[in-house]
Amino acid sequence: MQAKQLNWLPLGFVLSYHVLLIALLPFVIGELNAAAWAGFLLTYVLGGLTITAGYHRLYAHNAYQAHPVFEWAVLILSTLAFQWSALMWSHDHRLHHNHVDTDKDPYSVKKGFWHAHMLWLFTYKRQFQPQIVNDLLKNRRVVLQDRYYLLLAIVVNAAVLGIACLFMHPLAALWAVILLRIFAIHHCTWFINSLAHTWGAHTYARELSAVDNAIVAFLTFGEGYHNYHHAFATDYRNGIRWYHFDPTKWLVWTAARIGLASKLRTIQQVRIQKTLVQKDKQLFMERLSKESDALALDLRARIEELSAKFESNATALSRTLRDLRSASEHQRNLLRIEIRRLRRELRATWKAWVSLTRWAANRYAIHA
Ligand SMILES: [Zn+2]
Ligand SMILES: [Zn+2]
């Protein structure tokens, strides 16, 4: 790596706050009162959530639509996170999704954990492709934030520092509310590109490096369910189960209740399962085609049979649900009975599919 190829602004910035955090610690340790920790937590939550709900799910993925008030809150408060503009962030993130695990992925984990975590920032040469973010280039608010990003970030953080100084020693304000907050938001966001592409479960897409990791989800307001997210990126949720920790989803849902967000996109459970069956089938068939024992042959027949059954039931359910909308009152009762039957069938077939593929994966060591 030649020195002239480095991106000095991010490198200098990241290095400086790490050094300052350590160097200033002996001088501030006695000054860290409850207000300092509250200030840290508040700015961490505001900076973090505006990135996950705003930059990520709203701008990068269009998973919902937002009221201009919500957008301005996102575009201003996200400068607490120091992740550059929503436009550039979304540009790079769309490249990440479109070319995940290849050379065109700006933070590909295939180049190593630390490259994906933070090193990419210091060598990345963005070749801006306007066609990737055409929709965002039409959004005046997003374009404005991009044009004045640095100024906005300085003003917002200076204002936060000024307010914090009213409640604590200025050094404690600088250390906890500015430096430590930037450190925490940066590393936790970066964990999504490093840890959530390394350590966890391939629940929905075995072929991707992205994984579901509840610990990363806890640190990043729900973004750790990253395997699901890569498989179904337009869903405004990342954690789809009721017990998944996904505060970003809760925030967007609440915003929708009070009129600040609309058109929340979700992927239906049956569609998720149908995709899983198709992907699993392909993976197992490829792997089992190399085996010639009777068990493998039997297994292949069973996989064919179960996947075909799931597919036809899922298609029938979608068709019946569509018919229900235009049916007469008498037909509706019959259709509802049919829908209940199809749902029962699908549940049973899904259960059989999961236990069969789990068993086969163990027996033939089939993993992502
Ligand atoms: Zn990813
Ligand atoms: Zn994404």
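One numbering rule holds for all chains: residues counted from 1, following each sequence as written. Think of it this way: whatever chain is written first is A, whatever ligand is written first is 1, and the rest follow in order. A pLDDT threshold of at least 70 governs which residues receive local features in this predicted model, and a stricter bar of 80 or more applies before side-chain atom pairs are shown or counted, although totals over entire chains, interfaces and linings include all residues. Excluding hydrogens and water, the side-chain figures rest on all heavy atoms present in the structure.

Description of the coordination of the zinc ion (ligand 1)
Moving on, step 1. Here a donor is any nitrogen, oxygen or sulfur atom (N, O, S) within 2.8 Å of the metal, with 3.2 Å used for Na, K and Ca; water is not among the atoms considered, so some sites may look incomplete. Within the first shell, the zinc ion (ligand 1) binds the protein through H96 (NE2), H197 (NE2), H226 (NE2) and H230 (NE2), at distances of 2.0 to 2.2 Å.
Moving on, step 2. Just to be clear on the cut-offs, tetrahedral is four donors with all angles between 85 and 135 degrees, square planar is four donors and octahedral six with opposite donors over 155 degrees apart and all others between 65 and 115, and anything else goes down as irregular. Because the angles between the four donor atoms bound to the zinc ion (ligand 1) fall within 96 to 157°, the donor set is best described as irregular.
Moving on, step 3. One chain supplies every donor for the zinc ion (ligand 1), spaced along it as H-x100-H-x28-H-x3-H. Separated by 33 residues along the polypeptide, H197 in the loop between α9 (170–193) and α10 (214–219) and H230 in helix α11 (residues 226–231) bring together distant segments of the chain.
Moving on, step 4. According to the relative accessible area criterion, H197 is buried, its value standing at 5%. Numbered from the N terminus, helices here are DSSP runs of H or I no shorter than four residues, and strands are runs of E no shorter than two. Using a 1.4 Å probe on the protein chains alone, a residue whose accessible area is under 20% of its type maximum counts as buried, one over 50% counts as exposed, and one in between counts as partly exposed.

A word on the layout of surface pockets
Moving on, step 1. Cavities and pockets are defined on a 1 Å grid built over the protein atoms alone: a cavity is a set of grid points where a 1.4 Å probe fits but cannot escape, while a pocket is an open set with protein on both sides within 12 Å along at least five of seven lines, and lining residues are those with an atom within 4 Å of any such point. Grid points are joined across faces, edges and corners, and a volume is the space filled by probe spheres set on the points. In this model, the largest pocket occupies a volume close to 780 Å³.
Moving on, step 2. As for the largest pocket, its lining consists of 30 residues, of which F82, Q83, W84, W120 and L121 are closest to the centre.
Moving on, step 3. Elements represented by at least two residues in the lining of the largest pocket include exactly α1 (8–28), α2 (34–60), α4 (86–98), α5 (113–123), α8 (149–165) and α9.
Moving on, step 4. Per-element accounting of the lining of the largest pocket gives the leading share, five residues, to α9.
Moving on, step 5. Classifying every residue of the lining of the largest pocket gives 18 nonpolar, nine polar and three charged.
Moving on, step 6. Taken as a whole, the second largest pocket encloses approximately 560 Å³ of empty space.
Moving on, step 7. Around the second largest pocket, the lining is made up of 24 residues, and of these H202, T203, R206, L276 and D280 lie nearest the centre.
Moving on, step 8. Listed by contribution, the elements that provide at least two residues to the lining of the second largest pocket are α13 (269–288) and α15 (329–363). We call Asp, Glu, Lys and Arg charged. Ala, Val, Leu, Ile, Met, Phe, Trp, Tyr, Cys and Pro are nonpolar, and the rest, Gly among them, are polar.

Quick notes on the packing of helix α14 (residues 294–325) against α15
Moving on, step 1. Every axis in this analysis is a line fitted to C-alpha atoms, fitted for helices over the stretch in contact. Angles between the N-to-C directions lie between 0 and 180 degrees. Where α14 meets α15, the axes come as close as 9 Å, and the angle between the chain directions of the two elements is 155°. The pairing of α14 with α15 is recorded here as roughly antiparallel in orientation. For the crossing formed where α14 meets α15, the hand is left-handed. When an angle is under 35 degrees it counts as roughly parallel; over 145 it counts as roughly antiparallel; between 65 and 115 it counts as roughly perpendicular; any other value is oblique. Handedness of a crossing is defined here by the sense of rotation of the near helix relative to the far one, left-handed for an anticlockwise turn of less than a right angle and right-handed for a clockwise turn.

Quick notes on the coordination of the zinc ion (ligand 2)
Moving on, step 1. Listed as protein donors to the zinc ion (ligand 2) are H56 (NE2), H61 (NE2), H93 (NE2), H97 (NE2) and H229 (NE2); their distances from the metal cover 2.0 to 2.2 Å.
Moving on, step 2. For the zinc ion (ligand 2), all donor residues lie on one chain, and their spacing in sequence is H-x4-H-x31-H-x3-H-x131-H. Here H229 lies in helix α11 and H93 lies in helix α4, a separation of 136 residues in the sequence. Judged on exposure class, the residue H93 and its partner H229 are both buried.

Some words on the side chain of D246
Moving on, step 1. The residue D246 is located in the loop between α11 and α12 (247–257) in this model.
Moving on, step 2. Looking at D246, its side chain comes within polar contact range of the side chain of R57, at 3.1 Å.
Moving on, step 3. If we ignore the near neighbours within four places in the chain, the residues touching D246 are R57, F221, G222, R237, N238 and G239. Here a polar contact is recorded for every N or O atom pair within 3.5 Å, except that within protein the pair must consist of a potential hydrogen donor and a potential acceptor, and residues adjacent in sequence are included only if both atoms are side-chain atoms. By definition in these notes, contact holds between two residues if any of their heavy atoms fall within 4.5 Å.

Re the nonpolar core
Moving on, step 1. For the purposes of this section, nonpolar cores are sets of buried Ala, Val, Leu, Ile, Met, Phe, Trp, Tyr and Cys residues that join through side-chain atoms within 4.5 Å. Counting 65 residues, the largest nonpolar core has Y17, Y55, Y59, Y64, M168 and W175 as the members making the most contacts within it.
Moving on, step 2. Secondary-structure elements contributing two or more residues to this core are α1, α2, α3 (68–77), α4, α5, α8, α9 and α12.
Moving on, step 3. Looking at this core element by element, the count peaks at 13 residues for α9.
Moving on, step 4. Discounting chain neighbours no more than four positions away, the residues touching Y59 are G54, E71, V74, L75, A86, S90, R94, L136, N139 and V142.
Moving on, step 5. Grouped together as the second largest cluster of nonpolar side chains are 25 residues, A296, A327, L356 and I366 included.

Let's talk about the domain arrangement of the chain
Moving on, step 1. For the chain, the assigned domains read domain 1 (3–262) and domain 2 (269–363).
Moving on, step 2. Domains are outlined according to an automatic or database domain assignment. In this structure, domain 1 and domain 2 have C-alpha centres spaced 38 Å apart.
Moving on, step 3. Tallying the contact residues gives eight residues for domain 1 and eight residues for domain 2.
Moving on, step 4. Put simply, buried area is how much 1.4 Å-probe accessible surface two parts lose in total, over both of them, once they are put together. Together domain 1 and domain 2 conceal approximately 740 Å² of surface at their shared face, both sides included; 61% is due to carbon and sulfur atoms.
Moving on, step 5. Together, Y204, R206 and F232 form the three largest contributors to the area buried by domain 1 at its contact with domain 2, with a combined 68%.
Moving on, step 6. Should a side-chain nitrogen of Lys or Arg be within 4 Å of a carboxyl oxygen of Asp or Glu, the pair is scored as a salt bridge. Along the contact surface separating domain 1 from domain 2 lie one salt bridge.
Moving on, step 7. Note that K279 and E207 form a salt bridge whose closest N and O atoms lie 3.1 Å from each other.

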